[in-house]
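Now for the letters of each chain:
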Amino acid sequence: LTSSPAFTFYYWPCPGRGVFVRALFAFTGTPFAEASAAECARIKDLPAHEQPVPLRAPPFLIDHSAEGGPFAISQLPAVSEYVASKLGLLPKDDLQKRCLALKVVCDANDVLGELWLHNGDVTKDGSWVMWDQAAYDTFRDGRFVAWMRQWETTALRFGCTAEAGFLLGTGSATLADLSTWALWKTMARCIPQLSAPLHEHMPTVMALCARLERDHPALADLAAKDADAWGSLYCGGMIEKSIRQVVEASRDGIGPKAG
C-alpha cells in the first residue's frame, strides 16, 4: 500500500507565495498533497478556534507525521523555515546563516507585500486601493530598485558569482537560495517586462537563479508545470490586473501612449 504524503499544503491555484514552499518540495523530491482552493477557502473562513492553527489566509501547512500528532503552521516565513528544517535545507551548524536565510524569506515576503499593495486587501472610501501610475513609477525607481540592490549586495558579500556559489556563501543551496529563485525567477517569468531591470540591477542573483534551474531540473520542471497549468498567472485577482496595467505603461513596458 502507498502511504499518504506527510505534508498537506494549502494555497491558491497560482504561483504567488505558494511557489516558495512548492520549490522546497520540488528541490528535494518530497511528495506532498495540495489542498483544493475550495478547502483553502473553507478553512480560511472558519472561526479561529476551529482552524488547525489560527490564521488569516494561506499559505499554511499540515505535517501529518509530526511527533505528537498533526502540526499546522501558517505564514510564509514560518512555513518555509519549518519545511526547510524538516528537509535539510537550512544552513548547517551556523546560527547566523540560519537567521540570515530566514531574513531572506521575510524580505521576499515584504517585496511581495509592497508590489501587491498589502495583497490588494485595503480599501479607501469604499473602494479597493489599486496602483496608480505615478505611485507605481515612484515605487519602481525607488524601493523596488533598492530591494534588488540589497539582494545583489548580499550575494556579492558572501562571494557568490555568476558562475559559482550561493547567496549566503554556503556549500550548497539552502532556503535562502530557493526563496530567491521563487521570488525573482517567478516574477520574471510571470511579468516578463520586469526581467530587464532584474538582470540590470542584480545580474549575479539572476545568474544564480538560472544555475539553480540548470543544476536542479526539478525547479525548471516546477516553473514549466505552473506555466502549463496557469499560464502567466502570478498572484491573481484585481491586484494582478492593476500590476500588469502599470508595469505595461511604465518604462519597462510600452510606456505611456502619446496624445
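About the criteria used
- Residues numbered from 1 in each chain as written.
- Predicted model: local features only at pLDDT ≥ 70, side-chain atom pairs only at ≥ 80, totals over all residues.
- Heavy atoms only, no water.
- Helix = DSSP H or I, 4+ residues; strand = E, 2+ residues; numbered from the N terminus.
- Rg over C-alpha atoms; globule rule 2.2 N^0.38 Å.
- Buried < 20%, exposed > 50% of the residue type's maximum accessible area, 1.4 Å probe, protein only.
- Contact = heavy atoms within 4.5 Å.
- Areas by Shrake-Rupley, 256 points an atom, 1.4 Å probe, with all protein chains shown as cover.
- Polar contact = N/O pair within 3.5 Å; in protein donor to acceptor, adjacent residues only side chain to side chain.
- Axes fitted to C-alpha atoms, helices over the stretch in contact; angles between N-to-C directions.
- Parallel < 35°, antiparallel > 145°, perpendicular 65-115°, else oblique.
- Nonpolar A, V, L, I, M, F, W, Y, C, P; charged D, E, K, R; others polar.
- Core = buried A, V, L, I, M, F, W, Y, C linked by side-chain atoms within 4.5 Å.

A separate point is the overall build of the protein chain. In terms of regular secondary structure, the protein chain is built from 12 helices and 6 strands. Since a compact globule built from 259 residues should have a radius of gyration of about 18 Å, the 19 Å found for the protein chain is in line with a globular shape. Considered along the principal axes of its C-alpha atoms, the protein chain spans approximately 65 × 50 × 35 Å. Counting only residues that meet the buried cut, the protein chain has 47% of its 259 residues in that class. Contacts in the protein chain between residues at least 24 apart in sequence constitute 68% of all its contacts with a sequence separation of at least 6. Put simply, the protein chain shows about 12500 Å² of open surface, and 55% of that area lies on carbon and sulfur atoms.

This brings us to the environment of D94. Within the secondary structure, D94 is located in the loop between α3 (76-86) and α4 (95-115). Since its relative accessible area comes to 25%, D94 is described here as partly exposed. Separated by 90 residues in the primary sequence, D94 and S4 place their C-alpha atoms 33 Å from one another. Looking at D94, its side chain comes within polar contact range of the main-chain nitrogen of K97, at 3.0 Å.

This next bit is on the packing of helix α8 (residues 175-190) against helix α10 (residues 203-215). The geometry of α8 relative to α10 is characterised by a closest axis approach of 9 Å and an angle of 100° between their N-to-C directions. Classified by the interaxial angle, the pair formed by α8 and α10 is roughly perpendicular. Counting all contacts with α8, which are made through D177, T180, W181, W184, K185 and A188, the residues of α10 involved are V205, M206, L208, C209, A210, L212 and E213. Class assignment for the residues of the contact of α8 with α10 results in 9 nonpolar, 1 polar and 3 charged.

Turning our eyes to something else, we now look at the nonpolar core. W151, W181, W184 and M187 are the most contacted members of the largest nonpolar core, which totals 72 residues. It is α8 that contributes the most residues to this core, 10 residues altogether. Contacts of M187, omitting those with residues within four sequence positions, involve V111, L115, F144, P192, L194, L198 and Y234. Among the nonpolar cores identified, the runner-up in size contains 9 residues, and Y10, A35, L55 and A72 belong to it.

Function-wise, these values are silent; they only describe arrangement.
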